[in-house]
Amino acid sequence: MRLLSLFVVTVAVIAVALVPLGVVLAQEANPSRTLPDAVQRGETFDVTVTFVSPADNFNAIGLTDLAPDGWEVTLDEAWCTPNAEFVSATGNKAEIMWFGPYAKDADFSVMYKVAVNS
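Conventions and cut-offs
Residues numbered from 1 in each chain as written. Predicted model: local features only at pLDDT ≥ 70, side-chain atom pairs only at ≥ 80, totals over all residues. Heavy atoms only, no water. Helix = DSSP H or I, 4+ residues; strand = E, 2+ residues; numbered from the N terminus. Contact = heavy atoms within 4.5 Å. pLDDT = per-residue confidence, 0-100. Phe/Tyr/Trp six-rings, centres within 6.5 Å; stacked < 30°, edge-to-face > 60°. Buried < 20%, exposed > 50% of the residue type's maximum accessible area, 1.4 Å probe, protein only. Lys NZ or Arg CZ within 6 Å of the ring centre and 35° of its normal.

1. Comments concerning unusual backbone geometry
- For the bond running from T81 to P82, omega is -10°, close enough to zero to count as cis.
- Locating P82 in the fold gives a position in the loop between β8 (80-81) and β9 (86-90).
- In this structure, the amide linkage connecting G100 to the following residue, P101, adopts the cis form with an omega of 15°.
- Within the secondary structure, P101 sits in the loop between β10 (93-98) and β11 (107-115).

Structure below.
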């Protein structure tokens, strides 16, 4: 039986820039995600999330991604560009943190694996 990979994935990218007073501190990084079109029960597939920093001195960037309940996420610091300072994969949740500052338009990417339960 084929399972569509159009599952609900929650992404929260929180970006805070160190900027002068009067400038908005939190800015969206507009992540994009690469997923397979369909997956099989028992299959493991890769998810890639990419985004660019929207401002200079981009700092304290957090990414949280959720797969459906019962699916398992695997994540490694080596799968993050630039290298992440914190990664955690707990059950169906992947969490990644980068600490800057990063320049405007700096590229970020993370790949993690999702195992579909059988």
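2. Some points on the environment of F86
- Looking at the element boundaries, F86 is found in strand β9.
- Separated by ten residues in sequence, F86 and I96 place their C-alpha atoms 5.6 Å apart.
- Excluding anything up to four places from it in sequence, F86 contacts E95, I96 and M97.

3. Observations concerning the confidence of the model for the chain
- With 75% of its residues at a pLDDT of 70 or more, the chain has an overall mean of 78.
- By mean pLDDT, strand β2 (residues 10-17) is the weakest element of the chain at 39, and strand β7 (residues 72-74) is the strongest at 96.

4. Some points on the packing of aromatic side chains
- Per the stated rule, a full pass over the model turns up five aromatic pairs.
- Ring plane angle 80° and centroid distance 4.8 Å describe the contact between Y102 and F108, whose orientation is recorded as edge-to-face.
- Owing to a relative accessible area of 17%, Y102 belongs among the buried residues under this scheme.
- Taking the ring centre of W79 as reference, the NZ or CZ of K113 above it sits at 5.6 Å.

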